[in-house]
Amino acid sequence: MSLLAFGGGAEDGSSSDTEPDALIDFTAMLMERKHECNGGWFSCGSKLQSQSHEDHGYYLGQYVLGVLDFSSQYGIDYSISYTAANVIGRPTKFPAYGDYPETFTMRTYGDWWQLAPSATQEIQAQNLPSLPTHDFIVVYFEKFVVPTEVAIFETFNPGGVVRIWAYSITKRWTCLWEAKPSDLNQVPHDSRRFAPPLKKTNIITKTLRIDFNHSRLNYYTEIDAIMLCGRTVPMRCMHQLLAPVGKRLGNTGEESGNGPIICKLRTLKFQPSCQANDAVKLHEFINNDLSKFLMDSHVESEQQKHNSTTEICLTDLPCEILLKILSYLDLKSLFRMGQVSHLFYDISTHPLLYCDLSLKSYWQLANSELLCTLARRATMLRKLDLSWCGGFGEISPTEFKKFLTQRGDNMTHLRLNSCKFLNASCIETVGIVCDNLIELSLRNCTTNPPLLNFSCLANLKNLERLDLFQTAFESELLLSMLESNRKLKHLNLAFCGVSVNMDNVATHLATYNTQLVSLDMWKAHFLSARGLQSLSRCQQLEELDLGWCMREATLGDSLYQLLFNCPKLKKLFLSAMRGITERDLMHIATLGKNLEQLDLMGILNITHERVYDILVHCSKLKLLDLCFCDNFMDRDFDVIADWSRLFNVDIKNSRIYNSR
Amino acid sequence: MNDYLDNARRNIQRAMNSSYHSLTEAASMAGTLATSTGFQVLSRLMGLKVQVMPTSESPPNSPTPSTAELDLQSTTTFTPDQIRLVSVVCGFPKDIAMYPDYVKGQFGEDAWFRTSTSKADALGVADGVGGWRVYGIDPGHFSRFLMRSCERLAHSADFESTRPEQLLARAYCNLLEQKQPILGSCTACVLTLNRESGILYAANIGDSGLLIIRDGAIVCRSLEQQHHFNTPYQLAVPPPGQGLNVLTDGPECAALLEFDMQPGDILILATDGVYDNVSEELLLQVLSHAAGVTDPVKLQMYANSVALMARSLSFNPNHESPFTQNARRHNIDAPGGKPDDITVVLASVV
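Conventions used here
- Residues numbered from 1 in each chain as written.
- Chains lettered and ligands numbered in written order.
- Predicted model: local features only at pLDDT ≥ 70, side-chain atom pairs only at ≥ 80, totals over all residues.
- Heavy atoms only, no water.
- UniProt positions renumbered as here; feature names shortened; annotations may be inferred.
- pLDDT = per-residue confidence, 0-100.
- Contact = heavy atoms within 4.5 Å.
- Helix = DSSP H or I, 4+ residues; strand = E, 2+ residues; numbered from the N terminus.
- Buried < 20%, exposed > 50% of the residue type's maximum accessible area, 1.4 Å probe, protein only.
- Pairing = 2+ DSSP bridges.
- Salt bridge = Lys/Arg side-chain N within 4 Å of Asp/Glu carboxyl O.
- Axes fitted to C-alpha atoms, helices over the stretch in contact; angles between N-to-C directions.

The name recorded for chain B in an unreviewed UniProt entry is Protein phosphatase, from Drosophila hydei. Recorded in UniProt under Sequence similarities (unreviewed entry), the annotation for chain B is "Belongs to the PP2C family."

Under the annotation held in an unreviewed UniProt entry, chain A carries the name F-box/LRR-repeat protein 4 and is attributed to Drosophila hydei.

Asks: Provide a residue-level description of the confidence of the model for chain B, including the pertinent values.
Replies: All names here are of chain B. For chain B, mean pLDDT is 82; residues scoring 70 or higher make up 83% of the total. Considering only residues more than four positions removed or in separate chains, one finds that residues 46-77, a stretch of pLDDT under 50, has 66 contacts. Model confidence for the complex is summarised by a pTM of 0.78, with the ipTM given as 0.76.

Asks: If you had to explain unusual backbone geometry to someone new, which residues and values would you point to?
Replies: Backbone geometry follows two general trends: most residues other than glycine have a negative phi, and most peptide bonds adopt the trans configuration. Residue and element names in this part refer to chain A. Each neighbour pair has its own omega, and for Phe94 with Pro95 the value is 5°, a cis peptide bond. Inspection of the secondary structure assignment puts Pro95 in the loop between β3 (66-70) and β4 (104-105). A positive phi angle is found at Ser418, which is not glycine, with a value near 55°. Mapped onto the fold, Ser418 is located in the loop between β13 (413-415) and α13 (424-433). Under the relative-accessibility criterion, Ser418 is labelled buried at 2%. One non-glycine residue, Ala576, lies in the positive phi region at around 55°. Within the secondary structure, Ala576 is located in the loop between β19 (571-573) and α18 (582-591).

Asks: Requested: an account of the pairing of strand β16 (residues 342-349) of chain B, with residues and values cited.
Replies: Note on strand geometry: in a regular strand, side chains alternate between the two faces of the sheet. All names here are of chain B. Along β16, 8 of the 8 residues are buried, which leaves the element largely enclosed by surrounding structure. Across 8 bridges, the pairing between strand β3 (residues 85-92) and β16 is antiparallel. Opposite Cys90, over in β16, you have Val344 as the bridge partner. Inspection of the sheet shows strand β15 (residues 266-270) paired to β16 by 5 bridges, in the antiparallel sense. Within β16, the residue paired with Ile268 across the bridge is Leu346.

Asks: Lay out the UniProt feature "domain: PPM-type phosphatase" (unreviewed entry) in chain B with the relevant residues and their values.
Replies: Per the UniProt annotation, the sites labelled "domain: PPM-type phosphatase" (unreviewed entry) are residues 95-349 of chain B. Helix makes up 27% of residues 95-349 of chain B and strand 29%, whereas the separation of the span's terminal C-alpha atoms amounts to 33 Å.

Asks: Give a detailed account of helix α8 (residues 322-329) of chain B, specifying residues and quantitative values.
Replies: Residues and elements named next belong to chain B. Among the residues of α8, Pro322, Phe323, Thr324 and Ala327 are the ones counted as buried. Where α8 is buried, its residues contact α5 (272-275). Asn331 sits one or two residues past α8 and shows a positive phi near 60°.

Asks: Go over the pattern of salt bridges, please, and point to the residues and values.
Replies: Inspection of the entire model under this criterion finds 34 salt bridges over all chains. The salt bridge partner of Asp503 of chain A is Arg530 of chain A, with a shortest N-O separation of 3.8 Å. Highlighted residues: Asp503 of chain A in helix α15 (residues 502-512) and Arg530 of chain A in helix α16 (residues 529-535), separated in sequence by 27 residues. The partner of Arg221 of chain B in a salt bridge is Glu280 of chain B, and the shortest N-O contact between them spans 2.6 Å. On the criterion of sequence distance, the pair formed by Arg221 of chain B in strand β10 (residues 217-221) and Glu280 of chain B in helix α6 (residues 280-287) is long-range, its members being 59 residues apart. The exposure class assigned to Arg221 of chain B is partly exposed, which follows from its relative accessible area of 46%. For Glu280 of chain B, a relative accessible area of 29% translates into the label partly exposed. Each of Arg163, Glu178, Arg209 and Asp211 of chain A takes part in one network of salt bridges that share partners.

Asks: Tell me about the confidence of the model for chain A, and please be specific about residues and values.
Replies: Residue-level pLDDT values for chain A average 82, and 79% of them are 70 or greater. Contacts of residues 1-54 of chain A to residues separated by more than four positions or lying in other chains number 121 contacts, the stretch itself having pLDDT below 50.

Asks: For the environment of Gly216 of chain B, give the residues involved together with the corresponding values.
Replies: Residue and element names in this part refer to chain B. Among the secondary structure elements, Gly216 is positioned in the loop between β9 (209-214) and β10. What makes Gly216 partly exposed here is its relative accessible area of 37%. In the structure, Gly216 is positioned 89 residues away from Ser305 in sequence and 17 Å away in space, judged by C-alpha atoms. Excluding residues within four positions of it along the chain, Gly216 makes contact with Leu284 and Ser288.

Asks: How would you summarise the sheet that holds β16 of chain B if you had to cite specific residues and measurements?
Replies: Residue and element names in this part refer to chain B. Read across the open sheet, the 5 strands follow the order β3-β16-β15-β9-β10; overall the sheet is antiparallel. Each edge of the sheet is formed by a strand with only one pairing partner; in this case those strands are β3 and β10. On average, each strand axis in the sheet is tilted by 20° relative to the strand beside it, whichever way the strands run.

Here is the structure:
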């Protein structure tokens with residue numbers, strides 16, 4: 001294992017590109033060991049210790065100390081299999097390649113969830129970058145460093161990482177690396193230590209956020225460990241490094257600013273004669289050079305006049321057309337448009353442009369002032385997405401409540417996934433103010449006691465979509481909401497915790513919510529055959545995710561009833577439902593006419609014949625997951641590859657390749 | 001009968017002592033071979049584990065022993081008034097032909113784990129129920145995974161060192177969360193020693209157990225849980241559809257105990273392979289001399305002798321074992337020892 005520990009370091013804050021000495025300074029490192037290690041010298045619990053000399057910093061590599069936040073994980077919190085906590089410490093499985101429970105796995109892969117009936121539309125989709133983030137994890141390390149390398153140990157299906165962010169001590173997020181679409185193309189089918197080239201920077205950080213995008217992934221991606229390498233910073237040098245970037249780079253007039261105005265001026269072959277000092281540059285330009293510049297450009301525009309046939313400029317267009325054009329802009333560009341002129345300011349702050357508002361892509365910039373500004377403009381707000389914002393206290397709950405009270409009356413869609421600033425009164429405000437809500441998404445809200453309690457959302461009666469993925473809530477609240485929202489179509493209760501009895505939920509759904517189209521109960525508890533049978537009364541069901549829900553429970557007739565009564569089923573996930581028998585598989589083949597996605601991971605009684613049956617009869621099938629079906633996997637894999645080609649179905653068939 | 005036992009014990013101990021001497025000689029030779037600075041480095045490092053293979057000297061009248069594992073824990077890690085455990089492990093699988101190589105963490109179908117965090121030390125043993133082999137299930141896999149899960153969970157952020165039953169329950173739930181289904185059943189005994197308070201907490205399901213020996217007497221023993229004769233309580237994950245036919249006890253059935261530990265106590269955590277073959281008096285005789293021993297090598301010798309004793313007695317058809325006595329109480333005739341996997345975790349409180 002290469003635990004980097006290069007001795008020596010720069011004396012003062014010179015560029016971080018100095019080549020370190022190759023000496024490994026053992027004695028110095030030995031002198032300060034605060035924590036005990038579990039293994040030997042090279043298998044420390046979570047990090048490499050390094051001496052914090054007073055005079056100079058050290059290069060060191062450290063593994064994750066803890067996880068602050070994550071958007072999704074495959075496993076459930078009380079276990080340690082496939083959960084986010086596995087990213088802590090040294091890699092346990094690397095360089096082995098396979099599907100191991102000692103790694104961090106996320107909930108989704110590929111595009112399959114976007115193709116499912118429960119898929120949502122992004123609010124203000126023009127804000128999204130070319131490789132949107134599907135999942136993220138925020139981790140912290142022990143020592144502050146100036147980052148030189150971030151290494152991610154991927155042990156299964158590498159290639160999911162698209163962005164690496166670092167949180168500096170100036171309380172700002174910097175993007176250290178961003179993937180280009182070409183980066184995701186040549187990914188080896190093997191475990192790898194992924195260390196992309198980082199942006200040269202002088203920020204000091206010990207908190208990282210890794211963004212993932214699953215679209216190109218064949219199956220789940222798994223992360224074993226994350227290593228942050230960099231140079232530690234002694235106190236003496238902190239203030240030097242905190243100095244503004246301009247001063248430190250020691251600039252000349254030409255190099256310091258690469259702003260748009262100077263670039264434009266350069267292209268016009270006009271060189272402003274400026275002094276080195278930034279502050280007076282513009283002033284001097286206006287005094288000395290502006291007239292010359294205007295004359296030059298005046299000449300050019302006269303030439304242009306000859307070429308162009310009409311003289312219509314943007315501002316001559318009618319307001320509605322301008323609004324339509326501007327409605328395609330992402331939020332950042334819209335704000336920039338407002339800085340051009342008074343006219344554009346008026347247009348770009350028109351409330352019609354702020355009906356759909358999403359700060360999810362700007363999670364690193366969202367704060368209370370921004371909310372305040374937006375509150376002034378968004379008088380016709382319908383859809384709001386504040387997911388991932390305010391993670392480090394940038395948004396205050398009071399500001400959010402004020403925003404909601406001002407603008408929430410007509411809101412139809414509200415997404416507050418992973419919003420750490422939410423507290424009980426915020427949820428109450430949602431319940432009181434936003435009674436026109438059709439969609440409410442409150443993923444990742446796992447506070448204890450649960451934020452969703454008693455009757456705080458009882459006022460909502462028009463819900464069609466309720467997303468409580470990985471959120472703690474009280475059963476009575478959910479049951480009362482089910483009773484009041486008869487038009488409910490999409491319900492997500494994955495990871496909802498041991499306190500919720502799914503049988504009760506199922507009976508409620510069968511009684512009050514028969515319009516249900518999609519239901520996600522991944523890793524929910526206490527669903528029995530009786531509950532499954534009651535679900536069959538929701539005959540509009542197109543998507544049902546029962547993964548890890550029933551485990552060894554015997555199903556009896558319930559799956560047959562469900563399949564018989566819900567012919568519209570397109571997506572059926574039965575992962576690890578070990579009680580499924582061969583008869584059930586036969587029923588799936590005969591009754592699942594519309595099935596497009598079928599997950600049979602970990603089901604023990606599958607045979608060749610049943611799989612062939614399903615492939616033949618379910619003509620619309622696109623995805624079939626047969627991983628860890630031990631009984632079936634003992635045969636050769638070529639047969640599966642043949643069938644996959646023959647029936648045009650994506651068949652997943654991984655397993656742990658090493659012997660126990 | 002007692003003479004025979006005494007003789008056997010003396011022979012074994014003599015062999016142990018001679019091999020102990022040659023072992024320490026080998027270790028000191030290794031020490032002088034290393035440079036002095038290297039040795040200083042090694043000794044200053046905390047938590048260093050060194051695999052010292054017992055060289056060519058194996059005790060003459062026993063099968064190949066398992067590898068000893070020494071635990072050199074630097075004393076500067078812990079504050080002097082905090083109690084901690086120095087632990088060693090020894091054991092034999094029942095069928096050595098089936099498990100010829102030593103694998104850390106298991107002896108045949110038995111499994112064990114041992115770990116320490118900044119707040120507590122944790123030990124555990126698990127005895128896989130061998131009857132599953134008939135159904136094509138490897139009984140050792142279940143116990144091994146359970147113990148490994150306990151070890152990993154002990155290092156998680158929300159590990160409570162006063163509640164080993166929670167550790168056991170979470171490890172059991174973790175078993176159920178595996179994509180690769182793990183079937184089988186096992187007994188288990190997990191204990192944690194909270195360093196600050198010096199209180200030992202233990203959770204036991206089944207017939208494995210622990211004994212605490214202080215001043216030559218047993219001061220604490222865990223409660224053995226049996227449904228019927230030779231049918232202990234067990235954590236189980238039955239094959240799907242067989243849930244009603246298989247004896248399953250959940251983690252909530254664990255018998256809990258709490259005990260104040262003092263330096264000089266000896267703690268033995270073992271599976272039923274030991275307790276069924278070696279009577280408590282015999283264990284006392286051997287282990288009362290181990291009180292106050294802090295040298296892991298010497299402690300290893302005691303563990304080895306207990307394990308060897310259990311092994312040789314288990315194959316002895318004339319030995320009046322506790323198993324025989326217990327069987328007689330149930331009107332069953334089962335003379336001699338009871339061959340079984342043997343796992344001994346011996347810890348000395350310092």
